[in-house]
Amino acid sequence: MSAHLVLAVLAILAVRVGFLYLAPFGPCPKCKGTGHIKRGPRRRPVCPRCKGQRRIQRTGSRTVHRLARKIRHGRQAAARYQQEDRDGTP
Ligand SMILES: [Zn+2]
C-alpha cells in the first residue's frame, strides 16, 4: 500500500521535473499573463511579479536546469578522460 504511494509520488515528481525541464517558464499568475494589474486608486500598471514580462520562471526549474547542466558537464568530462586514457597510455 505505502509502496504504491511512494511509487506514485516518485512518478509525479519525475513528471514534474521533466515538465520543468521542458517548460521552465509559465504565464504569470498574478497578472494572468497580461503584464499589467489593476488595483484600487493607486494604479500600478506594470505587474510587480513578472515586471511586465508576462511570464515567470517556475519554482524549481532553475534547480532542474542546474542539475541537467551538471550531469551534461560530468558526462563530457568523463568522455574526455576516457579518450585521454585511451590515447595517452604508451
Ligand atoms: Zn505578472
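Residues numbered from 1 in each chain as written. Predicted model: local features only at pLDDT ≥ 70, side-chain atom pairs only at ≥ 80, totals over all residues.

K.L.:
Requested: an account of unusual backbone geometry, with residues and values cited.
P.N.:
For K32, which is not glycine, the phi dihedral falls at a positive 60 degrees. Secondary-structure assignment places K32 in the loop between strand 1 (25-27) and strand 2 (55-57). The exposure class assigned to K32 is exposed, which follows from the 12 C-beta atoms found within 10 Å. Backbone geometry at R54 places phi at a positive 70 degrees, although glycine is not the residue there. Taking the C-beta count within 10 Å as the criterion, R54 has 16 such neighbours and is therefore assigned partly exposed. (Helix = DSSP H or I, 4+ residues; strand = E, 2+ residues; numbered from the N terminus. Buried ≥ 20, exposed ≤ 12 C-beta atoms within 10 Å, placed from the backbone.)

K.L.:
An account of helix 1 (residues 2-22) is needed here, citing residue identities and associated values.
P.N.:
For helix 1, which comprises 21 residues, the first-to-last C-alpha distance of 30 Å matches the rise-based estimate of 30 Å (1.5 Å per residue) to within 8%. Judged by how many residues are buried, helix 1 sits mostly at the surface: 1 of 21 residues are covered. (Expected span 1.5 Å × (residues − 1).)

K.L.:
Explain the environment of G33 to me, and be specific about the residues and the numbers.
P.N.:
By secondary structure assignment, the location of G33 is in the loop between strand 1 and strand 2. Considering only alpha carbons, one finds G33 and I56, 23 residues apart in sequence, at a separation of 9.3 Å. Non-local contacts of G33, meaning those with residues more than four positions away in its chain, are made with P27, C28 and R54. (Contact = placed C-beta atoms within 7 Å.)

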